[in-house]
Amino acid sequence: MALKCGIVGLPNVGKSTLFNCISSGKAQSANFPFCTIEPNFGSTIVPDARLQVLEKLVKPHRVVPATVEIVDIAGLVKGASKGEGLGNQFLANIRETDAIIHVLRCFDDPNIVHVDGSINPVRDKEIIDTELQIKDLDTVENRLKKVSKQAQTGGDKEAKRLYNILIKYKEILEQGKSARTVVFDNADDIKLAGELFLLTDKPVLYVCNVDERAAKDGNAYVDMVKEAIKDEGAEILIVAAKIESEIAELESFEEREMFLQELGLEASGVSRVIQSAYSLLNLETYFTAGIQEVRAWTFHKGAKAPQAAAVIHTDFEKGFIRAEVIKYEDYVKYGSEAACREAGRLGVEGKEYVVQDGDIMHFRFNV
């Protein structure tokens, strides 16, 4: 399952520094606007301590973690929705992502210029929100022009359903709110709404980029952001991207852990960002475990066994017969698949089984 998170923000807020920390790619990071022009692509593993435990028990030839693709997108400025700066390119790149990691500058540094001349993360957030909302409103209004006549004749039920969805979005966007604040209960409505690919309908994670002193508890800028997003239902993380970049350069795990302890942090900001992005997309992990390979597979929370099997190969879903399931806790307790089977801890599940995070799966299929 290819997952893509886009890192966005105004110029010079620390997007590329964060990207370099969490990604295998290396973006240019410099003190001038539009340092990033073309989007930078990289990928990173989803941290999961369970893989290391399974590796010790199974002793496989290789271990394959789940991954997330990260895109560092050019900095946006006011007027982007009308093509200012790199606006059109920015908006096209963000449309292709599954979720948004919105970096906000929450640190003072006279040596790093701010595109608007002063530090105000709430203002910065609102600039990007507004530009995305304007673009979405334009998208909605264009679709309304095309669908309104079909909807009003009464013969096309789907056109009428889409028309009502578009009207709801239009009302919200005209109020300066994001599309994600509109909630649909009907499955058909949810499907149609998703097919609009609105920019402000994407889940968002706010990352407050702070200096070393505020790495643990934040600062007044972070408090401003928390207040501004309290009604959004969005998640916020505090990350000192500059320090994280120094941690990423350390060669040994022990050195990195020591650095984190000195900062009073239990986990790196990088790990927290990736885990939060994974959760933001409503994703979970199941495992396959054998001597050849222990592997983490990503699936959408609530998926049934055949749909989860399709993540490995579509043939697994088409010819699904059954799934053999061992709970992670049981695997760790008994130490092997054979021991779990002997203890009666291996379940045989059918098509209606809802896969749980941490399940160790073996699929039986026939095509």
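Residues numbered from 1 in each chain as written. Predicted model: local features only at pLDDT ≥ 70, side-chain atom pairs only at ≥ 80, totals over all residues. Heavy atoms only, no water.

**A few points about the overall build of the chain**
Phase 1 of the analysis: For the chain, the helix and strand inventory stands at 14 helices and 12 strands.
Phase 2 of the analysis: A burial count over the chain gives 48% of its 367 residues as buried.
Phase 3 of the analysis: In the chain, the share of contacts with a sequence separation of at least 24, taken over all contacts with a separation of at least 6, comes to 69%.
Phase 4 of the analysis: Of the accessible surface of the chain, which amounts to about 18,300 Å², a share of 49% is contributed by carbon and sulfur atoms. (Helix = DSSP H or I, 4+ residues; strand = E, 2+ residues; numbered from the N terminus. Buried < 20%, exposed > 50% of the residue type's maximum accessible area, 1.4 Å probe, protein only. Contact = heavy atoms within 4.5 Å. Areas by Shrake-Rupley, 256 points an atom, 1.4 Å probe, with all protein chains shown as cover.)

**Details of the packing of helix 1 (residues 15–22) against helix 8 (residues 241–249)**
Phase 1 of the analysis: Following both chains from N to C, one finds helix 1 and helix 8 inclined at 30°, their axes separated by 9 Å at the closest point. Compared by their axis directions, helix 1 and helix 8 come out roughly parallel. Relative to helix 8, the crossing made by helix 1 is left-handed. Contacts between helix 1 and helix 8 involve Thr17, Leu18 and Cys21 from the former and Ala241, Lys242, Glu244, Ser245 and Ala248 from the latter.
Phase 2 of the analysis: Of the residues that constitute the contact of helix 1 with helix 8, the class distribution is four nonpolar, two polar and two charged. (Axes fitted to C-alpha atoms, helices over the stretch in contact; angles between N-to-C directions. Parallel < 35°, antiparallel > 145°, perpendicular 65-115°, else oblique. Left-handed = near helix turned anticlockwise from the far one by under 90°. Nonpolar A, V, L, I, M, F, W, Y, C, P; charged D, E, K, R; others polar.)

**A few points about helix 6 (residues 187–194)**
Phase 1 of the analysis: Taken together, the buried positions of helix 6 are occupied by Asp189, Leu192 and Ala193. An end-on view of helix 6 places all buried positions within 100° of arc, on one side of the element. Along helix 6, the residues that are exposed and aim more than 90 degrees away from the buried face are Ala187 and Lys191.
Phase 2 of the analysis: On its buried face, helix 6 is in contact with helix 5 (157–174).
Phase 3 of the analysis: The opening residue of helix 6 is Asn186, an N-cap whose side-chain oxygen sits 2.7 Å from the backbone nitrogen of Asp188. (Arc of directions from axis to C-beta. Polar contact = N/O pair within 3.5 Å; in protein donor to acceptor, adjacent residues only side chain to side chain.)

**A closer look at unusual backbone geometry**
Phase 1 of the analysis: Its identity is not glycine, yet Lys59 carries a phi of approximately 55°, on the positive side.
Phase 2 of the analysis: Within the element layout of this structure, Lys59 appears in the loop between helix 2 (49–58) and strand 3 (62–64).
Phase 3 of the analysis: Note on Lys59: relative accessible area 59%, which makes it exposed.
Phase 4 of the analysis: Positive phi, normally seen in glycine, also occurs at Phe197, with a value near 55°.
Phase 5 of the analysis: As for its placement among the helices and strands, Phe197 is situated in the loop between helix 6 and strand 6 (204–209).

**Quick look at the pattern of salt bridges**
Phase 1 of the analysis: As enumerated under the stated definition, the model contains 18 salt bridges in all.
Phase 2 of the analysis: The partner of Asp124 in a salt bridge is Arg123, with the nearest N and O atoms 3.1 Å apart.
Phase 3 of the analysis: Each of Arg322, Glu324, Glu337, Arg341 and Arg364 takes part in salt bridges that share partners, so that together they form one network. (Salt bridge = Lys/Arg side-chain N within 4 Å of Asp/Glu carboxyl O.)

**Here we look at empty space enclosed by the protein**
Phase 1 of the analysis: Under the counting rule described, the total for this entry stands at one cavity of 30 Å³ or more.
Phase 2 of the analysis: Approximately 60 Å³ is the volume attributed to the largest cavity.
Phase 3 of the analysis: If you trace the largest cavity, you find it lined by Val8, Ile100, His102, Ile128, Asp129, Leu132, Ser178, Arg180, Thr200, Val204 and Tyr206.
Phase 4 of the analysis: Looking at the lining of the largest cavity, the elements with two or more residues in it are strand 5 (99–105), helix 4 (121–153) and strand 6.
Phase 5 of the analysis: With three residues, helix 4 is the single largest residue contributor to the lining of the largest cavity.
Phase 6 of the analysis: In terms of residue class, the lining of the largest cavity is made up of six nonpolar, three polar and two charged. (1 Å grid on protein atoms, 1.4 Å probe; cavity = no way out; pocket = protein on both sides within 12 Å on 5 of 7 lines; lining within 4 Å. Points joined across faces, edges and corners; volume = space filled by probe spheres on them.)

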